[in-house]
Amino acid sequence: MNTPAPYDLAPIAWLMGMGVLIALGPLVWVWRRNAGHGVARRLHALTVLVLFLTFDLTLFGAFTRLTDSGLGCPDWPGCYGNASPLGARHDIAMAQAAQPTGPVTHGKAWIEMVHRYLATGVGVLIVVLAIATFVAWRRQRRSPAIAAPQVALKPWWPLVTLVWVCLQGAFGALTVTMKLYPAIVTLHLLGAIVLLALLCMQAVRYQQAASERLPTALPGGLRSLLVATSLLLGLQIALGGWVSTNYAVLACTQFPTCQDSWWPPMNFAQGFEIWRALGLTSAGNPVDFSALTAIHYVHRLMAYVVFVAIGVLAWRLRRVVPLRPQAKWLAGLALLQLATGLGNVLLGWPLLAAVLHTGGAAALAVVLVWTLCETRRVPSLRALRVAVPPPLQGATPTVGQSPFRGVSGKMRKT
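Residues numbered from 1 in each chain as written. Predicted model: local features only at pLDDT ≥ 70, side-chain atom pairs only at ≥ 80, totals over all residues. Heavy atoms only, no water.

Visitor: For this particular structure, what's the right way to read the overall build of the protein chain?
Guide: When helices and strands are counted, the protein chain shows 13 helices and 4 strands. If you sum the accessible surface of the protein chain, you get close to 21,500 Å²; carbon and sulfur atoms cover 69% of it. (Helix = DSSP H or I, 4+ residues; strand = E, 2+ residues; numbered from the N terminus. Areas by Shrake-Rupley, 256 points an atom, 1.4 Å probe, with all protein chains shown as cover.)

Visitor: Explanation requested: the nonpolar core in the structure shown.
Guide: Note on soluble globular proteins: their nonpolar side chains tend to be buried together. If you look at the biggest cluster of nonpolar residues, it comprises 58 residues, and the most contacted ones within it are Leu43, Ile126, Leu233, Ile237, Leu313, Leu317 and Leu330. Looking at this core element by element, the count peaks at 10 residues for helix H11 (residues 351-373). Setting aside its immediate chain neighbours within four residues, Leu317 contacts Leu218, Leu222, Leu323, Arg324, Ala327, Leu330 and Thr371. Grouped together as the second largest cluster of nonpolar side chains are 10 residues, Trp242, Val243, Val287 and Leu292 included. (Core = buried A, V, L, I, M, F, W, Y, C linked by side-chain atoms within 4.5 Å. Buried < 20%, exposed > 50% of the residue type's maximum accessible area, 1.4 Å probe, protein only. Contact = heavy atoms within 4.5 Å.)

Visitor: Quick question: what am I supposed to make of the packing of helix H10 (residues 324-346) against H11 here?
Guide: At their nearest, the axes of H10 and H11 sit 9 Å apart, and the two run at 155° to each other. Judged on the interaxial angle alone, H11 and H10 are roughly antiparallel. You can see that H10 and H11 cross each other, and the crossing is left-handed. Contacts between H10 and H11 pair Pro325, Gln326, Trp329, Leu330, Leu333, Ala334, Leu336, Gln337, Thr340, Gly341 and Asn344 from the former with Ala353, Ala354, Leu356, His357, Gly360, Ala361, Ala363, Leu364, Val367, Leu368, Trp370 and Thr371 from the latter. (Axes fitted to C-alpha atoms, helices over the stretch in contact; angles between N-to-C directions. Parallel < 35°, antiparallel > 145°, perpendicular 65-115°, else oblique. Left-handed = near helix turned anticlockwise from the far one by under 90°.)

Visitor: Explanation requested: the confidence of the model for the protein chain in the structure shown.
Guide: Low-confidence regions, as indicated by low pLDDT, have predicted coordinates that should not be scrutinised in detail. Of all residues in the protein chain, 87% have pLDDT values of 70 or greater, and the mean over the chain is 87. Element-level mean pLDDT values for the protein chain span from 39 in helix H13 (residues 407-413) up to 98 in helix H9 (residues 289-317). Predicted confidence is poor over residues 147-151, with pLDDT under 50, and the contacts of this stretch with residues over four places away or in other chains come to 10 contacts. Of the regions scoring below 50 in pLDDT, residues 392-414 engages in 4 contacts with residues more than four places distant in sequence or in other chains. (pLDDT = per-residue confidence, 0-100.)

Visitor: I'm lost on unusual backbone geometry in this one. Help?
Guide: Residues apart from glycine generally show negative phi values, whereas peptide bonds are mostly found in trans. In the segment running from Trp76 into Pro77, the intervening peptide bond is cis, with an omega of 5°. By secondary structure assignment, the location of Pro77 is in strand E2 (residues 76-77). Between Phe255 and the following residue, Pro256, the backbone shows a cis peptide bond with an omega angle of 5°. Tracing the backbone through its elements, the reader meets Pro256 in the loop between helix H7 (220-245) and helix H8 (268-271). The backbone of Tyr80 sits at a positive phi, close to 55°, despite the residue not being glycine.

Visitor: Sorry if this is basic, but what is going on with the state of the cysteines here?
Guide: Put plainly, a disulfide is one covalent bond tying together the sulfur atoms of two cysteines. A full pass over the atoms with the stated rule returns 2 disulfides. Here Cys73 engages in a disulfide with Cys79; their sulfurs sit 2.1 Å apart. Every disulfide takes its handedness from the sign of the S-S torsion; for Cys73 and Cys79 that torsion is -80°, giving left-handed. A residue is classified by how much of its surface remains accessible, and Cys79, at 0% relative accessible area, is buried. What pairs with Cys252 in a disulfide is Cys258, and their sulfur atoms sit 1.8 Å apart. Here the S-S torsion is close to -70°, and the disulfide linking Cys252 with Cys258 is therefore left-handed. No difference in accessibility class separates Cys252 from Cys258, as the two residues are buried. Not part of a disulfide, Cys200 finds its nearest cysteine sulfur in Cys373, a span of 5.9 Å. We classify Cys200 as buried; its relative accessible area is 4%. (Disulfide = S-S within 2.5 Å.)

Visitor: Hey, could you run me through the pattern of salt bridges in this one?
Guide: Once their charged atoms are close, side chains differing in charge can pair, the charge on each being opposite to the other. Inspection of every chain in the model, using the stated rule, returns 2 salt bridges. The shortest N-O distance in the salt bridge between Arg116 and Glu112 comes to 2.8 Å. With Arg116 and Glu112 both in helix H4 (residues 106-142) and 4 residues apart, this pair spans about one turn of that helix. Arg116 sits in the buried class, given a relative accessible area of 6%. (Salt bridge = Lys/Arg side-chain N within 4 Å of Asp/Glu carboxyl O.)

Visitor: Sorry if this is basic, but what is going on with helix H1 (residues 12-33) here?
Guide: Side chains three or four residues apart in an α-helix point the same way, a direct result of the helix having 3.6 residues per turn. Its 22 residues place the ends of H1 32 Å apart at the C-alpha level, agreeing with the 32 Å of an ideal helix rising 1.5 Å per residue. In H1, a bend of some 30° at Leu24 exceeds every other bend along the element, and Pro26, a proline, comes one to four places later. For H1, the complete set of buried residues consists of Leu15, Gly19, Ala23, Leu27 and Val30. Against the buried residues of H1 lie helix H2 (39-66), E2 and H4. (Expected span 1.5 Å × (residues − 1). Bend = angle between axes of the 7 residues up to and from the residue.)

Encoded structure:
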């Protein structure tokens, strides 16, 4: 069984300093660019910046995993106890000489450390976002003259985001020290998607506050379809992460069949055994090829369901004028996912298609969260009856007269 790599915290100060340097440039640019605007506009710009960089970090994380660079530096947070691969040249050279195509090479070490530098920079920006939101919230509470809509979110959401990014950092450390356990790596990917969702939600709320507008009302059925599609996508991303972290993409190299069969031999129990080392069962035996086939095929079958759900959702959203941009994004990204998924299977898992497939999934999650935040459910007739006071005792509406006549007028007066 693989023993965890040691935690060497000596380079932590250098790593934090690198994160501050990376974050400083974008932070100054955004703050100066929006200096003349209200606090909601500045917070919105900062949140969009962090969202963009987090999305880039997710893509680079996929690149790190797909190039087998996750163990390029087998300790954490530094590289053989150094702040960069420059100080670890001798150790990396020794490891590369022992295994020229192994997990530790000079190139893979730099990829892994650049990923850590970028992640630290994003963490610094999220700290700044949390502090800025808290300061704006306190200022609004102390000064009633500040317009109430300027800060749409309480400071707790940026605080939750800060806590979450700290958990992401912990999972990043476990990814290295536990030698790429599939469950840990998959949870690390899901954590990145949740982080994107949290940032997207805050960006939308700040924008709504700056423009003083309300979410678009949707019928209950369409809103339920939106929620269901989002949940299905989350499950599919988890399955996709499980495929990638178990290197099960090439278990099926045909489409639409797999191994010349519509239902090839599959070992579901072994394939979805969660807590085990990479390539091994919990008993320490090698994972059967039939288990990898089961992992791949379940993801493929679920992809059909998600593709249809997104297609139906995009078709229905296009009829809602304010949501047509989201409908177009959903349709385009769904087609991108189909193309890159087929490319991974039929072209032997090329790096570009694999990275784009991860990016497309993350982008779909962001667009769905964007749509959820931009919409609200239309109140049902039953809820409206509860909200409207009953008519006076003995008063009965005449034939053809609605019992809710005049309600809108009363609401306007209120």
